[in-house]
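Overview (structure and organization)
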Amino acid sequence: MAIYPLYMKYEDYNIDDFLMDDFFIHWVKNPNDNNRHFWEKWLEQHPEKRDIVMQANLIISSVHYKSKPLMNDRRYVEAFENILKADNNSGLKKTKMEAEYQKPKFPWRGIAACILILFCVGVCYKLIFSPNSISESSSHNVTMIKRANPPGKKSILTLSDGSKIFLNSGSEISYTSGFNDSLRLVRLVGEAYFEVQKENRPFVVETGNTKITVLGTSFNVNQKQNGTLKVALVSGKVHINDQEGNHMQLKPSEMMVRDEEGAYYKTGFDLLTITGWKDQTLVFRENSFVEVKEKIENWYGVKLILQGNINTNITYSGTYKEESLENVLKGMLYTSGLAYKIEGKNITIKKAI
Amino acid sequence: MQNPLHTKDPSIFPLKHSESIKQYESRTDNDIWRAFNKGNEAAFNYIYRIYAPTLFQYGGQFSKDEGMLQDCIQNIFIDLRRKRGHLKEVNNIKAYLYKTMRREVLRSIKRQKRSSFSSWAHDDKVFPIEICHETKLIQQEYEMERKEKIESAMNLLTPRQRQAILLLYEEGMNFKEISEVMEFSEVKSARKIIYRALASLKLIIKNRG
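Keep in mind that what you see is a predicted model, and the values were worked out from it rather than measured.

Each helix and strand in chain B was counted, giving 10 helices and 1 strand. If you list the helices and strands of chain B from N to C, you get α-α-α-α-α-β-α-α-α-α-α. Burial status across chain B gives 54% buried among its 209 residues. Carbon together with sulfur atoms contributes 51% to the accessible area of chain B, which is approximately 10,300 Å² in total.

We note that S253 of chain A has phi near 65 degrees; this positive angle belongs to a residue other than glycine. Tracing the chain through its elements places S253 of chain A in the loop between strand 13 (247-250) and strand 14 (254-258). S253 of chain A gets classed as partly exposed once you look at its relative accessible area, which sits at 46%. At E183 of chain B, a residue that is not glycine, the phi angle is positive and equals roughly 55 degrees. Looking at the secondary structure, you find E183 of chain B in the loop between helix 9 (175-181) and helix 10 (187-208). Taking the relative accessible area as the measure of exposure, E183 of chain B reaches 36% and is therefore partly exposed.

What follows covers the confidence of the model for chain B. Residue and element names in this part refer to chain B. Within chain B, residue pLDDT values average 82, and 80% of them lie at 70 or more. Taken together, the stretch residues 1-16 has pLDDT below 50 and engages in 50 contacts with residues farther than four places along the chain or on a different chain. A low-confidence stretch, residues 116-122 (pLDDT under 50), is modelled with 10 contacts involving residues beyond four sequence positions or located in other chains.

What follows concerns the packing of aromatic side chains. Taken as a whole and assessed by the stated rule, the structure comprises 35 aromatic pairs over all chains. Ring centres 5.3 Å apart and planes at 75 degrees place the aromatic pair F23 of chain A and F38 of chain A in the edge-to-face group. Placement of the pair is F23 of chain A in helix 2 (residues 22-29) and F38 of chain A in helix 3 (residues 33-45), with a sequence separation of 15 residues. Both residues of the pair, F23 of chain A and F38 of chain A, belong to the buried class. Aromatic ring contacts, followed pair by pair, group Y10, Y13, F18, F23, F24, W27, F38, W39 and W42 of chain A into a single cluster. In this structure, K278 of chain A is placed above the aromatic ring of Y193 of chain A, and the distance from its NZ or CZ to the ring centre is 4.7 Å. Here the guanidinium or amino end of R81 of chain B rests over the ring plane of F44 of chain B, the centre of that ring lying 4.4 Å away.

What follows covers helix 8 (residues 159-169) of chain B. Helix 8 of chain B sits mainly inside the fold: 9 of its 11 residues count as buried. Residues Q161, R162, Q163, A164, I165, L166, L167, L168 and Y169 of chain B constitute the buried set of helix 8 of chain B.

Residue and element names in this part refer to chain A. With 4 of 5 residues buried, strand 7 (residues 191-195) lies mostly within the body of the structure. As defined by bridge partners, strand 7 adjoins strand 10 (residues 218-223) across 5 bridges and the pair is classed as antiparallel. Across the sheet, E191 pairs through a bridge with N222, a residue of strand 10.

Before going further, it helps to examine the sheet that holds strand 20 (residues 346-351) of chain A. All names here are of chain A. Spatially, 17-20-19 is the arrangement adopted by the 3 strands of the open sheet, whose pairing is mixed. Edge strands, defined here as strands with exactly one partner in the open sheet, are strand 17 (303-306) and strand 19 (338-343). When the angles between neighbouring strand axes are averaged without regard to direction, this sheet yields 25 degrees. The pairing of strand 19 with strand 20 spans 6 bridges and is antiparallel. Each residue of the ladder has a partner; that of E343, found in strand 20, is N346. Strands strand 17 and strand 19 of the sheet are contacted by helix 9 (residues 289-300), whose axis makes an angle of about 145 degrees with strand 17. Along the sheet face, helix 10 (residues 325-335) touches strand 19 and strand 20 and points at about 160 degrees away from the line of strand 19.

Our next topic: the pattern of salt bridges. Residues and elements named next belong to chain A. The final tally for this structure, using the stated rule, is 29 salt bridges over all chains. Between E297 and K293 there is a salt bridge, with the nearest N and O atoms lying 3.4 Å from each other. With E297 and K293 both in helix 9 and 4 residues apart, the pair spans about one turn of that helix. Note on E297: relative accessible area 12%, which makes it buried.

Time to look at the packing of helix 3 (residues 41-59) of chain B against helix 4 (residues 66-82) of chain B. Residues and elements named next belong to chain B. Running from N to C, helix 3 and helix 4 point in directions that differ by 150 degrees, and their axes come no closer than 10 Å. Taken together, the axis directions place helix 3 and helix 4 in an arrangement best described as roughly antiparallel. In terms of crossing hand, the pair formed by helix 3 and helix 4 is right-handed. Residues E41, F44, I47, Y48, A52, L55, F56 and G59 of helix 3 pack against E66, L69, Q70, I73, F77 and R81 of helix 4. Each residue belonging to the contact of helix 3 with helix 4 can be placed in one class, and the counts come to 9 nonpolar, 2 polar and 3 charged.

With 91 residues, the main nonpolar core has I47, Y48, F77 and L97 of chain B as its most contacted residues. It is helix 3 of chain B that provides the largest number of residues to this core, a total of 12 residues. Setting aside chain neighbours within four positions, we find F77 of chain B in contact with I83 of chain A together with F44, I47, Y48, L55 and L97 of chain B. In this structure, Y175, I240, M248 and M256 of chain A belong to the second largest nonpolar core, which totals 26 residues.

This paragraph deals with the sheet that holds strand 3 (residues 155-158) of chain A. Note on sheets: strands pair through backbone hydrogen bonds, and any given pair is parallel or antiparallel. Residues and elements named next belong to chain A. Spatially, 3-4-7-10-11-14-15 is the arrangement adopted by the 7 strands of the open sheet, whose pairing is antiparallel. One side of each edge strand has no neighbouring strand; the edge strands of this open sheet are strand 3 and strand 15 (264-268). Across the sheet, the mean angle from the axis of one strand to that of its neighbour is 15 degrees, orientation sign disregarded.

With that settled, the discussion passes to the environment of E170 of chain B. Note that E170 of chain B resides in the loop between helix 8 and helix 9. Since its relative accessible area comes to 16%, E170 of chain B is described here as buried. Sequence-wise, E170 of chain B and I129 of chain B are 41 residues apart; in three dimensions their C-alpha atoms are separated by 9.8 Å. Setting aside residues no more than four positions away along its own chain, E170 of chain B makes contact with K29, V63, H64, Y65 and K68 of chain A together with Q57 and I165 of chain B. Of note is the side chain of E170 of chain B, whose polar atom sits 3.1 Å from the side chain of H64 of chain A. At 2.9 Å, the side chain of E170 of chain B and the backbone nitrogen of Y65 of chain A are in polar contact.

What counts and how
Residues numbered from 1 in each chain as written. Chains lettered and ligands numbered in written order. Predicted model: local features only at pLDDT ≥ 70, side-chain atom pairs only at ≥ 80, totals over all residues. Heavy atoms only, no water. Helix = DSSP H or I, 4+ residues; strand = E, 2+ residues; numbered from the N terminus. Buried < 20%, exposed > 50% of the residue type's maximum accessible area, 1.4 Å probe, protein only. Areas by Shrake-Rupley, 256 points an atom, 1.4 Å probe, with all protein chains shown as cover. pLDDT = per-residue confidence, 0-100. Contact = heavy atoms within 4.5 Å. Phe/Tyr/Trp six-rings, centres within 6.5 Å; stacked < 30°, edge-to-face > 60°. Lys NZ or Arg CZ within 6 Å of the ring centre and 35° of its normal. Pairing = 2+ DSSP bridges. Axes fitted to C-alpha atoms, helices over the stretch in contact; angles between N-to-C directions. Salt bridge = Lys/Arg side-chain N within 4 Å of Asp/Glu carboxyl O. Parallel < 35°, antiparallel > 145°, perpendicular 65-115°, else oblique. Left-handed = near helix turned anticlockwise from the far one by under 90°. Nonpolar A, V, L, I, M, F, W, Y, C, P; charged D, E, K, R; others polar. Core = buried A, V, L, I, M, F, W, Y, C linked by side-chain atoms within 4.5 Å. Polar contact = N/O pair within 3.5 Å; in protein donor to acceptor, adjacent residues only side chain to side chain.

Printed below as a string of structure tokens:
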């Protein structure tokens, strides 16, 4: 495969040289066994270059398109069909664009276009409205199932199609038993991890005004009351739509985030931080005191009460697998000079004397 | 050579050729292109699946007119299919298609400008760059400031410099591929444009303090 560049060459490199080096960029963008092995070894031998290398790495990996227009499904399929159609119909070579600039030679073209548009409107109307009517009519004779976890409780459900849902504490999920013929629809408030069985009926998670559509994948959905939403894809593919017409697709290891202001963006994510909860692993990654407090309260179903003047400007990191509340509190508070007292569901936290 | 991510899950779309990905993902570009030239439909299917969405995104850097972008992609593939049997060898499909897309989009924009509705394509605004660190870094104020500084400096570069930077860092293309897409006669020119962009970037950041 790739040829190993000479070790020597990189010793005199400054940041610009790294920023322009194919082999270096390739490692940042498409790490594989070959280049990873090389750079890890090289960095070991040249620790003094670590800072420069990390800086260059950061710049390269942070440059992105600012606007990321997505080819939506309609355009994707329509273009594909038009391409195939053009084969049999040499007259249809160029599409709309050029037609605008050519004076129409035959008035009946306009008429044909009108008929075509009417036809399309009809098809769209059918497409848009018929699935709704199906789901409404069939939902009359099926039962609605609702599962809700209070803080401190997590559960795993297996659905009739074999899909598995891990439902986090303080979360709620509802769906119709057996779903219907064309759709597997569940509604979520809070956080859940989905392992969806692949089949022809799409699996849709509705949360707030957002729909997440998949066929068979694993992903985590975390919706909070303040309006934020995070959808993290572990495997497969998901499509996300909201009522305002925003649309996004995720590839594995991508996460969609909607922040409090309603802005959408994509990022990567750390698997353990996002999905650790389903394996009973409580993870803090540079979380603020407020975030840690919220997480613990939800995780153990307790209330943390702060007493006295406590510095909340600290961040915490830590991983606790199947740990008791006491051990988590011990680990966390010890380092920050705080003490705790457990009284039933209430935990008082104050400065250690 | 490269193995681009599959941007469309075959099973979600009503095209019954999900096999094409399995069949072609490990083959070289040259192989795939030859099969396409011979009229192999699975090869065409594979190329469309892999590249239509990324061509759309790349073309979207020149113009926000999504209808036009769709038309460009359509026209490119219609044209290629017509010429099957006489297509020249292609060793790097991505670079070749990006080049073709760039031409097609620029041609369409020119045409639009000629017509009376020319609200698109503010030339200096094409290829805007976003600096997007991992979220945890951004939380730190210092990093946030730095990010904004670099981002605003990047967007003061010329559109061609930005395009080259994005092809290099976002698309992960090498200098040879960049010079094909941007139609430079020599690979050297691609290196030069990046070199100059980095130099001006430093200057801009320095002058602003």
